[in-house]
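Listed here are the chains, written in short residue letters.
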Amino acid sequence: MEENYLITIKGTMEQRGDTDTVELMTRGSLVHKDGAYYIVYKETETTGYEGCTTTVKVAEDARKVSMLRFGKQSSQLIIEKGTRHLCHYETGYGSVSLGVAADVIEQRLDENGGSLKFSYTLDSGAESFISRNLVDITVDKLPERRPRVARITAPSTSLKTA
């Protein structure tokens with residue numbers, strides 16, 4: 001899959017009065033298929049998930065977002081308006097199940113890119129509040145790379161006649 005988009009992800013977590021924000025810029029792809037947009041990118045050492053690939057799937061009607069991470073530390077978060085999901089999340093210390101409930105999902109994507117914003121709450125399986133999370137993803141189409149063409153020109157010479 002071609003990585004012809006610049007993907008900027010800003011994630012903010014609010015927990016017990018504290019706020020922590022992380023921002024990531026990477027190359028990736030954007031695909032529109034079967035009524036959904038797929039934003040796909042490779043994780044890096046910076047995120048702590050090097051070797052993993054993350055897919056963010058959002059329905060055209062912005063009702064549901066699925067965040068799927070594949071690789072050594074796989075995870076699945078489903079954020080859906082009006083539904084609380086129990087999701088599997090793999091950490092460096094083991095796996096955990098978390099309750100996920102959507103607050104807001106807004107998408108403005110097309111083949112040229114756009115934005116996806118969503119927020120959700122996390123709770124432990126016992127429904128005790130853990131955090132509120134806000135995610136803002138911007139997808140910008142990169143300019144197409146044109147192959148370089150070498151142009152060779154011969155120096156002009158004037159012919160003099162005697």
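Residues numbered from 1 in each chain as written. Predicted model: local features only at pLDDT ≥ 70, side-chain atom pairs only at ≥ 80, totals over all residues. Heavy atoms only, no water.

Visitor: It is not clear to me how the nonpolar core should be interpreted in this structure. Could you clarify?
Guide: Generally speaking, soluble globular proteins have nonpolar side chains that are buried together. Within the largest apolar cluster, 29 residues are counted, with the highest numbers of intra-cluster contacts made by I39, V65, I79, I105, L116, F118 and I137. In terms of residue count, the dominant contributor to this core is strand β8 (residues 94-110) (five residues). (Core = buried A, V, L, I, M, F, W, Y, C linked by side-chain atoms within 4.5 Å. Buried < 20%, exposed > 50% of the residue type's maximum accessible area, 1.4 Å probe, protein only. Helix = DSSP H or I, 4+ residues; strand = E, 2+ residues; numbered from the N terminus.)

Visitor: Would you mind showing me how to read the packing of aromatic side chains here?
Guide: Describing an aromatic ring pair means giving the distance of the ring centres and the angle of the ring planes. Scanning the model with the defined rule gives one aromatic pair in all. Relative to Y120, the ring of F118 lies with its centre 6.1 Å away and its plane at 20°, an arrangement referred to as stacked. Taken individually, F118 and Y120 each receive the classification buried, so the pair is uniform in this respect. (Phe/Tyr/Trp six-rings, centres within 6.5 Å; stacked < 30°, edge-to-face > 60°.)

Visitor: Would you mind showing me how to read the pairing of strand β2 (residues 18-33) here?
Guide: Both faces of the sheet carry side chains from a regular strand, because those side chains alternate between them. Note that strand β1 (residues 5-15) and β2 share eleven bridges and pair antiparallel. Along β2, the bridge assignment pairs M13 with D20. In this structure, the hairpin formed by β1 and β2 is closed by a connection of two residues, where R16 is found at a positive phi of approximately 50°. Where β2 and strand β3 (residues 36-42) come together, six bridges link them in antiparallel fashion. Residue pairing for β3: L30 is matched across the bridge by I39. (Pairing = 2+ DSSP bridges.)

Visitor: Would you explain unusual backbone geometry in this entry?
Guide: What is expected of a backbone is that most residues other than glycine have negative phi and most peptide bonds are trans. Even without a glycine there, the phi angle at R16 is positive, about 50°. Take R16: it is sitting in the loop between β1 and β2. Phi is positive for D34, which is not a glycine, with a value near 50°. Structurally, D34 can be placed in the loop between β2 and β3.

Visitor: Before we go on, may I ask you to explain the pattern of salt bridges in this structure?
Guide: Side-chain pairing between opposite charges can occur once the charged atoms of the two side chains come close. The final tally for this structure, using the stated rule, is four salt bridges. A salt bridge links E43 to R69, with the nearest nitrogen and oxygen atoms 3.6 Å apart. Placement of the pair is E43 in the loop between β3 and β4 (53-59) and R69 in strand β5 (residues 64-70), with a sequence separation of 26 residues. For the residue pair E43 and R69, the accessibility class agrees, reading buried in each case. Notably, a salt bridge pairs R84 with D123, separated by 2.7 Å at the nearest N-O pair. With R84 in strand β7 (residues 84-91) and D123 in strand β9 (residues 113-124), this residue pair connects regions lying 39 residues apart in the sequence. Assessed through its relative accessible area of 36%, R84 is described here as partly exposed. Take D123: its relative accessible area is 9%, and that puts it in the buried class. (Salt bridge = Lys/Arg side-chain N within 4 Å of Asp/Glu carboxyl O.)

Visitor: Explain the environment of G82 to me, please; I cannot follow it from the model alone.
Guide: You can see G82 is positioned in the loop between β6 (75-80) and β7. Exposure remark for G82: the relative accessible area of 80% places this residue in the exposed category. Taking the C-alpha atoms as reference, G82 lies 8.6 Å from D103; in sequence the two are 21 residues apart.

Visitor: Mind showing me how you'd approach the side chain of T121 here?
Guide: Inspection of the secondary structure assignment puts T121 in strand β9. Owing to a relative accessible area of 16%, T121 belongs among the buried residues under this scheme. When near neighbours in sequence (up to four residues on either side) are disregarded, T121 contacts G99, V100, A101, D103, F129, S131 and R132. (Contact = heavy atoms within 4.5 Å.)

Visitor: How should I be thinking about the pairing of β6 in this particular structure?
Guide: Judged by how many residues are buried, β6 sits mostly within the fold: five of six residues are covered. Summarising the sheet, β5 and β6 pair through six bridges and their orientation is antiparallel. Looking at the pairing, V65 lines up with I79 of β6.

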